[in-house]
Amino acid sequence: MDKMSTLEYINQMFPTEASLSGVEPLMQKIQSEIRRVDAGILAAVRQQSNSGTKAKEDLAAATHAVEELTYKIREIKTKAEQSEMMVQEICRDIKKLDFAKKHITTTITALHRLTMLVSAVEQLQIMASKRQYKEAAAQLEAVNQLCSHFEAYRDIPKITELREKFKSIKQILKSHVFSDFSSLGTGKESEETNLLQHLSDACLVVDALEPSVKEELVNNFCSRELTSYEQIFEGAELAKLDKTERRYAWIKRRMRTNEEIWKIFPTSWLVPYRLCIQFCKKTRKQLEGILDNMKEKPDVATLLMALQRTLEFEDELAEKFGGGTQSREIGNEIEEIGRQNNSQSASDIRKKYEKKLSAHQGSENEEKDGNKDLSAPGAGFNFHGIISSCFEPHLIVYIELEEKTLMENLEKLVQEETWDVEEGSQNNVLSSSMQLFLIIKRSLKRCSALTKSQTLYNLFKVFQRVLKAYATKLFGRLPKGGTGIVAAATGMDGQIKTSDRDERVICYIVNSAEYCHKTSGELAESVSKIIDSQFADRVDMSEVQDEFSAVITKSLVTLVHGLETKFDAEMAAMTRVPWGTLESVGDQSGYVNGINMILSSSIPVLGSLLSPIYFQFFLDKLASSVGPRFYMNIFKCKQISETGAQQMLLDTQAVKTILLEIPSLGRQTSGAAGYSKFVSREMSKAEALLKVCYTISC
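No experiment lies behind these values; they were computed from the predicted model shown. (Residues numbered from 1 in each chain as written. Predicted model: local features only at pLDDT ≥ 70, side-chain atom pairs only at ≥ 80, totals over all residues. Heavy atoms only, no water.)

Q: Before we move on, can you summarise the side chain of Thr 451 with the specific residues and values?
A: Take Thr 451: it is sitting in the loop between α15 (431-448) and α16 (454-476). With sequence-adjacent residues up to four places away left out, Thr 451 is seen in contact with Glu 392, Leu 395 and Leu 456. (Helix = DSSP H or I, 4+ residues; strand = E, 2+ residues; numbered from the N terminus. Contact = heavy atoms within 4.5 Å.)

Here it is as structure tokens:
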């Protein structure tokens, strides 16, 4: 206790006189503790004295041991240096002998190989002069291997001389081989029975020479084979578009006739494959010239026939040489366009097609990866389009014919349209819209079988124009004119009068426009899947879909406006009621019954024909029209007495009830909460106005 004084400690221990009796025992305890501490200190001092002496002795012994170890290390190091010098002296002579042996061995090996090279070159020269191709091919391999050992000795005159001689022999062999191959195809192979075997052996020599020799030989052979083709089909008689099929018949007949003869070529040379590539390139060049030199537009039937035969030939080549034929799943994708599925919404169908598209692209990529080895014969060469692509710039006449045909069919469909649907039909869609997409699908099938490039995109633009024209036809069938709030908002003039049949027709137009909107999107998705990738991003039906959305909106507004026109007589009857002279409040007025009859007649039919989303849109437009109009019509009723205000308030409640029951009347109550809230808000304005009139009258 650092801060406590002795006096405080004693006072703390003995606070009273009675506690002084414990002084003696405490003193004895303290003295005993002092003796114990003194004994401990004495023992520690003695131990420390003994430890210091021992530590000095241990330090001296350690120092002596270190000195002895240092001496021994120096001695060992000296002996090691002496031993190393002795080993170096012993090995010096051995290294000299080892190097000498290595040089002698290398020299002997080089001289032996040089002897073999000289002998092999001489033998090869003899074989070349005698045209012993089979033996020369093996000898060429041996000489090439021997020459590879002398790459480091290129500057030695003898090696240089041998290499030049070997180069000269290879040139001689090349000239002999090319000379012998010039007789192939001239008919000598039937006269000289050994000629084919001789040329087969010559192919072995070509394989042993540089790769450029093989390339040159194959190119020369292909060019010579196609010389007669160029001469035949450049003439005036066969240089016509309608003779295109005969070109492909010629090469197929040529390949079939010479199949046995061409077996002399090694399979790895791919001679028929490369011959077909050159044939396709020459054919494309000639067809381009024919098409470009036409003074008038080509006949569509002739053009399409030539293109069809070209595509079939390209498919045959792709299948023959491992490229495979084009996918036939396109037809299945096109067939999916416009199929009805009442259990799915448009968004569900769109999601389904997006999923199918991604899956198709994934499998297509896998197929490409898996077929890389199959396309190896042509180093990835693709026969599809090698000839047929030259027709692409000239297919505008085909597109013009398709557009003309589609427009004529559209006019015919609209003229024959009954603007009614068969009883029991589930989709309530006009037959003209479904028939139109059937015609479009057939057109798409025809074009996709011919081309998937610019022409298909041009046809897609035609589809857009045809569908826009159909949207215009649908819009033109709607009743014209209109007055009132909705008409003022839409800029429509005149008055719309709609019969029960007109209302059904408008519903059919809405459903047909909805069907066209959805199917147009499916059409765009199918085309983007079929068309070449560079055009896929440009395939878009949003403008067409906007057109059909506008038709739907205008149709529903017209439908509302037609009902609004039917209310004109009832609104006029409301203003003719003598509101200022009514003596008592009775049942709802006659004009309210008229409004109820109009809605009871039309709403069930509309509810059964329109989809929920469009029926809800119709309700919203109807509420926004009837409510404000009823409110404004109150101002046309003059001299409203207290009784008249009460009767009008009763009528307002009745009209409100009628409007609120419309969703149930149409059997479509989904989304009715928002509609009911809107009706209540609009009609409450009329109620508030009438209450004010009642108060003033009182």
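Q: Can you explain the pattern of salt bridges? Please cite residues and give values.
A: Applying the stated rule across the entire model yields 19 salt bridges. The residue Glu 215 makes a salt bridge to Arg 274 at a minimum N-O spacing of 2.6 Å. Taken together, the residues Glu 215 in helix α7 (residues 211-225) and Arg 274 in helix α10 (residues 271-292) connect sequence positions 59 residues apart. Classification of Glu 215 as partly exposed rests on a relative accessible area of 33%. Given a relative accessible area of 19%, Arg 274 falls into the buried group. A salt bridge links Arg 629 to Asp 568, with the nearest nitrogen and oxygen atoms 2.1 Å apart. In this pair, Arg 629 sits in helix α23 (residues 612-634) while Asp 568 sits in helix α21 (residues 568-576), placing the two residues 61 residues apart along the sequence. Judged by its relative accessible area of 21%, Arg 629 is partly exposed. Because the salt bridges share partners, they merge into one network encompassing Glu 245, Arg 309 and Glu 312. (Salt bridge = Lys/Arg side-chain N within 4 Å of Asp/Glu carboxyl O. Buried < 20%, exposed > 50% of the residue type's maximum accessible area, 1.4 Å probe, protein only.)

Q: Account for the environment of Val 544, naming residues and giving values.
A: If you trace the backbone, Val 544 turns up in helix α20 (residues 542-566). Note: C-alpha distance between Val 544 and Ala 471 (73 residues apart in sequence) is 8.3 Å. Those residues within four positions of Val 544 in sequence are excluded, and the remaining contacts are Gln 464, Leu 467, Lys 468 and Ser 520.

Q: Just give me the short version of the packing of aromatic side chains, but keep the residues and values in it.
A: By the definition in use, this model includes 15 aromatic pairs. Note on Tyr 229 and Phe 279: the rings are 4.7 Å apart at their centroids and 55 degrees apart in plane angle, and the pair reads as tilted. Taken together, the residues Tyr 229 in helix α8 (residues 227-233) and Phe 279 in helix α10 connect sequence positions 50 residues apart. Among the residues examined, Tyr 229 registers a relative accessible area of 0% and is labelled buried. For the pair Tyr 248 and Phe 279, a centre-to-centre distance of 6.5 Å together with 75 degrees between the ring planes defines the contact as edge-to-face. (Phe/Tyr/Trp six-rings, centres within 6.5 Å; stacked < 30°, edge-to-face > 60°.)

Q: Break down the packing of α15 against α16 for me, citing the residues and quoting the values.
A: At a minimum axis distance of 10 Å, the contact between α15 and α16 shows a crossing angle of 170 degrees. By the angle between their axes, α15 is roughly antiparallel relative to α16. Contacts from Ser 432, Ser 433, Leu 436, Phe 437, Ile 440, Ser 443, Leu 444, Cys 447 and Ser 448 in α15 reach Thr 455, Leu 456, Leu 459, Phe 463, Val 466, Leu 467 and Tyr 470 in α16. Residue composition of the contact of α15 with α16, grouped by class: eleven nonpolar, five polar and no charged. (Axes fitted to C-alpha atoms, helices over the stretch in contact; angles between N-to-C directions. Parallel < 35°, antiparallel > 145°, perpendicular 65-115°, else oblique. Nonpolar A, V, L, I, M, F, W, Y, C, P; charged D, E, K, R; others polar.)

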